[in-house]
Amino acid sequence: DTGVSQNPRHKITKRGQNVTFRCDPISEHNRLYWYRQTLGQGPEFLTYFQNEAQLEKSRLLSDRFSAERPKGSFSTLEIQRTEQGDSAMYLCASSQPGQNYEQYFGPGTRLTVT
Amino acid sequence: GEDVEQSLFLSVREGDSSVINCTYTDSSSTYLYWYKQEPGAGLQLLTYIFSNMDMKQDQRLTVLLNKKDKHLSLRIADTQTGDSAIYFCAEKNGLFFGTGTRLTVIP
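One structure accompanies this document, and this report is about it. As the structure is a prediction and not an experimental result, all values here were calculated from the model. (Residues numbered from 1 in each chain as written. Chains lettered and ligands numbered in written order. Predicted model: local features only at pLDDT ≥ 70, side-chain atom pairs only at ≥ 80, totals over all residues. Heavy atoms only, no water.)

**Looking at the packing of aromatic side chains**
For clarity, the cut-off: Note on aromatic contacts: the rings of Phe and Tyr and the six-membered ring of Trp form a pair at centre separations within 6.5 Å, being stacked when their planes are under 30 degrees apart, edge-to-face when over 60 apart, and tilted otherwise. Only runs of H or I of at least four residues qualify as helices and only runs of E of at least two qualify as strands under DSSP, and these elements are numbered from the N terminus. In this scheme, a residue with accessible area under 20% of its type's maximum is buried, one over 50% is exposed, and one in between is partly exposed, where area comes from a 1.4 Å probe on protein chains only. Here, over-ring charges are defined by two tests on the NZ atom of lysine or the CZ atom of arginine: distance to the ring centre within 6 Å, and angle to the ring normal within 35 degrees.
Following the criterion strictly, the structure yields 18 aromatic pairs over all chains and no others. Consider the rings of Phe 105 of chain A and Phe 97 of chain B, whose centres lie 6.0 Å apart with planes at 80°: the pair is edge-to-face. Here Phe 105 of chain A, found in strand S10 (residues 104–105), pairs with Phe 97 of chain B, found in strand S10 (residues 96–97), and the two come from separate chains. Residue classification places Phe 105 of chain A among the buried residues on the basis of a relative accessible area of 11%. By relative accessible area, which is 1% here, Phe 97 of chain B ends up buried. Judged by centre distance (6.2 Å) and plane angle (40°), the rings of Tyr 33 of chain B and Tyr 35 of chain B are tilted. Neither Tyr 33 of chain B nor Tyr 35 of chain B differs from the other in exposure class; each is buried. For Arg 22 of chain A, the ring lying beneath its charged end belongs to Phe 74 of chain A, and the centroid distance is 3.9 Å.

**Concerning the pattern of salt bridges**
In plain terms, the rule: Here, a salt bridge means any side-chain nitrogen of Lys or Arg that lies within 4 Å of a carboxyl oxygen of Asp or Glu.
Under the counting rule described, the total for this entry stands at 7 salt bridges over all chains. Two residues, Arg 36 of chain A and Glu 44 of chain A, come together in a salt bridge whose shortest N-O distance is 3.2 Å. The closest approach of N and O atoms between Asp 69 of chain B and Lys 68 of chain B, which form a salt bridge, is 3.6 Å.

**Here's the deal with the interface of chain B and chain A**
Many structure descriptions define interface size as the accessible area lost when the parts assemble. The test is simple: Should any heavy atoms of two residues lie within 4.5 Å, those residues are considered in contact. A quick way to say it: buried area is the sum, across both parts, of accessible area lost when two parts are put together, with a 1.4 Å probe.
Residue-level contacts link 18 residues of chain B with 18 residues of chain A. Between chain B and chain A, a total of about 1,500 Å² is buried, with carbon and sulfur atoms accounting for 54% of that surface. Among the residues chain B hides against chain A, the three largest losses belong to Leu 43, Leu 95 and Phe 97 of chain B. Together they make up 32% of the total. The interface formed by chain B and chain A contains 1 salt bridge.

**Regarding the sheet that holds strand S3 (residues 18–23) of chain B**
Residue and element names in this part refer to chain B. To keep it simple, the criterion reads: Paired strands are those between which DSSP finds at least two bridges.
Read from one edge of the open sheet, 5 strands run S1-S3-S8-S7-S6, paired in antiparallel fashion. If you trace the sheet from one side to the other, it starts and ends with strand S1 (5–6) and strand S6 (55–58), each paired once. As paired elements, S6 and strand S7 (residues 61–66) share 4 bridges and run antiparallel to each other. Its bridge partner being in S7, Gln 57 is matched across the sheet by Thr 62.

Right, dumping it as structure tokens:
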């Protein structure tokens, strides 16, 4: 297994456009997490799934953000009507139950909104 | 997130010990974590501690947990230049991260 993968690695978009990112977790991991990280800050929790169920969503998460994990494997994060403040690194992680919630992170998708 | 606080910068000389501190807020955290992030690289789990422990040692790393004060620390013995990175603590079973401490090791 090559670990958590994210696509694309970089995305440049114009303000107002919609973007979608994909995360493929480690295959036997049933938990999948999304975070956002801006320069000089720690990862900010967005949401997480156990299998296909979205168990928790940050109260800070705008309605423009939506995440899915339809078959309990890969996940997508969509941002509608992007704003310049959405520019950040979007990180995905996965974990396996019974493993101390240890999360394995992907390389991230860097979003730039112009 | 959730007011997990860390000092922003720490500089040490190669061979000295480094101590990185973290104050967290969620008393229900079963596990608390330390992650390392090197420039251009992803987050890497360094170590974790179960909430019913006071101390955990793992080679050059020692984690101390004071649940009463909600204080977590990471000690790196014999710090090397390769330890230069940003270190994050995380609470609530890994959901909420501190702002990170940038460790610079001076040769």
